[in-house]
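Here are the chains, one letter per residue:
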Amino acid sequence: MKIPFNKPYISAKAEEYMTEALRSQRHSGNNAFGQKAVNFMKQKYGFNEVFLTPSCTSAMEMGALLTGIKPGDEVILPSYTFSSTVNAVVIFGAEPVFCEIDPNTLNIDASKIEAHISPRTKMIIPIDYAGISCEIEQIMDIAKRHDLIVMQDCAQSFGGYFNGKPNGSIPHLAAFSFHETKNMNAGGEGGGLVVNIPEWHQKAYFMQEKGTDRRLVLDGVKSKYSWVDKGSSYLLSDILAAALLSQLESEEEIISKRKQVTDAYYKLFSIFKKKGNLNIYSVKNHIRTNHHAFWVVFDNAGTRSLFMEKLRAFDIFVYIGYMPLHSSPMGAIFGYKPDSLPITEAISERVVRLPFYAGMADEGLNYTIEKMHLVLSEIYGK
Ligand SMILES: Cc1ncc(COP(=O)(O)O)c(C=O)c1O
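Given the structure is predicted, the values throughout are model-derived calculations rather than measurements. (Residues numbered from 1 in each chain as written. Predicted model: local features only at pLDDT ≥ 70, side-chain atom pairs only at ≥ 80, totals over all residues. Heavy atoms only, no water.)

### Let's talk about the sheet that holds strand β2 (residues 74-78)
Here is the rule: Note on pairing: DSSP must find at least two bridges between two strands before they are called paired. Each helix is a run of H or I in the DSSP string that is no shorter than four residues. Each strand is a run of E no shorter than two, and both are numbered from the N terminus. Orientation is described by lines fitted to C-alpha atoms, with helices fitted over the stretch in contact, and by angles between N-to-C directions that extend from 0 to 180 degrees. Note on contacts: a residue pair is in contact if any heavy atoms of the two residues lie within 4.5 Å.
Sheet architecture is open: 7 strands sit in the order β1-β9-β8-β5-β4-β2-β3, paired in mixed fashion. Two strands in the sheet have a free side with no partner beyond their single neighbour: β1 (50-53) and β3 (95-99). Averaged over all adjacent pairs, the angle separating strand axes in this sheet is 25 degrees, with direction ignored. Inspection of the sheet shows β2 paired to β3 by 5 bridges, in the parallel sense. Each bridged residue has a counterpart across the sheet, and for Leu 77 the counterpart in β3 is Phe 98. Together, β1, β4 (121-124), β5 (149-154), β8 (173-177) and β9 (191-195) form the strand contacts of helix α3 (residues 56-67), whose direction differs from that of β8 by roughly 165 degrees. The sheet strands contacting helix α6 (residues 201-208) are β1 and β9, and the helix crosses β1 at an angle near 15 degrees.

Shown next as C-alpha cells:
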C-alpha cells in the first residue's frame, strides 16, 4: 500500500456545482458561485468581508497592498513559515523581523513580539501552524497598544476556533489557503482574504479588480468603470469557486474524518512521548483545531532521518516541514544567521509532518499506524 503525504478530498457536490458553473458561461471571478461561497463564509464564520483569490499567497499580497506597506517599514513574523508569508511584504520593500516560536505549537511566541517593536514596525503576521491558532487575542492587544496592523496567515487553519471565535474573524486581515493540500480546496488552487475593517472594503474591491471601480458598475452605481487605485487581478475563477462551495458545505464531514487521523496518531505517539523519546504538541482549551496536520518533534536529527527512511521503505511519505526563513539564502540577505533564532533552528531540524488527509480514515490509516509503531519500536525499543 502507498500512503502519500496528502490526497485532496472530493466532496459529493463538486462535479454538480462545477458543471453548473461551466454551463453558466460566466466563469470569471465574483460570479454566482463565488458570491455563494463568500456569503456562506460570512454567515457561518462572521467574517466582515471576504475576497476569493487565486491563492493564499495572492490573498496576503492583496492584504499587504491594502495596508500601504512600503520600503523602510518593518514587519514582525515567525521564521518558521512558508515563503509566501514573508514575500507578501518583502515585494513591497518592507523588512522582515523574525521572532522565535513557541516550542509546543511552533507558532510565533507572542510573549517575545514586543521586544522586536521599533518606531518602524507597521505590521505583525502570525501564522496558525498545522491549523492551531496562534495566540491571536494577545497579539491583537499588542497591536492595539502599538498601533500596528495584524494580518493572520490562516493558510492552514480554516474552520478552527480561538476562544469560540472562528479563525480569521479576530484580526484586521486574515488569509486562507484553499490549495489542494489544505482541509478545504478550491479545485487545486485558491485563497481568501478576510477584511474585518469596514472602511477598507471599498479599497479592497478596487484592488481585487485591477485597481478599477468595476464593482460600482456591477452594483449599478456607475455606468463605466475606470482606473481609480493600485491593484492587480486577485480573483478566483467561478468554476473553482464552485468546487470551493462544495467543500465548504462538507466541512463537518471533512473535519470529523480528519479528527480520526489525529486521534490515531495521538494514541500511537503518546506511548513514545511518555517514554521521553520524542515530543508531540498539545492544544490548549481555548483553541479548537481544524485537524489540518500532525507533527512530531524527534529527540535529534538522526532519529528523524531514520524514521523517515524506514517509512519510505513501506511507501509511507512523511515530510520535514518548513525550512526556517531566517537561515535561508534570502534570510541571509536580511542579515540573519542560523543562530539568530536558536529555538526555531533547533526544532526545525527535528520536525516530521505525517501523512494527513480525510480519506485516510477510510483507507490507509491502520496500515500507517501499524508500520509507524513497528518503526518507532525498532528505533526506540518496545
Ligand atoms: C503558512 C502558509 N502560508 C501561505 C501558504 C501559501 O498558500 P497558497 O499555496 O494557497 O498560496 C502556505 C502553503 O502551504 C502556508 O503553509
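### Looking at the site of the ligand
Heads up, the condition is: Any residue with a heavy atom lying within 4 Å of a molecule or strand is counted as near it. Here a polar contact is recorded for every N or O atom pair within 3.5 Å, except that within protein the pair must consist of a potential hydrogen donor and a potential acceptor, and residues adjacent in sequence are included only if both atoms are side-chain atoms. For accessible areas, the Shrake-Rupley method is used with a probe of radius 1.4 Å. Any residue's cover is judged against the shown protein chains and nothing else. For this classification, Asp, Glu, Lys and Arg are treated as charged, while Ala, Val, Leu, Ile, Met, Phe, Trp, Tyr, Cys and Pro are nonpolar and the rest, including Gly, are polar.
With respect to spatial proximity, 17 residues lie near the ligand, and among them Thr 57, Asp 153, Ser 177, Lys 182 and Tyr 322 are the closest. At 2.5 Å, a side-chain N or O of Thr 57 approaches an oxygen atom of the ligand. Contact distances for the ligand include 2.7 Å between an oxygen atom and a side-chain N or O atom of Tyr 322. Alone, the ligand offers 390 Å² of accessible surface; in the complex the protein occludes 89% of this. In terms of residue count, α3 provides more of the shell around the ligand than any other element does, 3 residues in total. For the shell around the ligand, the per-class residue count stands at 6 nonpolar, 9 polar and 2 charged.

### Considering the domain arrangement of the protein
Here is the rule we go by: As annotated, the domain borders come from an automatic or database domain assignment. Buried area is calculated as the accessible area (1.4 Å probe) missing from two parts once they are joined, with the contributions of both summed.
Assigned domains of the protein: these are domain 1 (14-248) and domain 2 (251-380). Every contact between the two is made by 44 residues of domain 1 and, on the other side, 36 residues of domain 2. Summed over both partners, the interface of domain 1 with domain 2 buries about 3,500 Å², with 57% contributed by carbon and sulfur atoms. Put simply, domain 1 and domain 2 have 22 residue pairs in polar contact (both at pLDDT 80 or more) between them.

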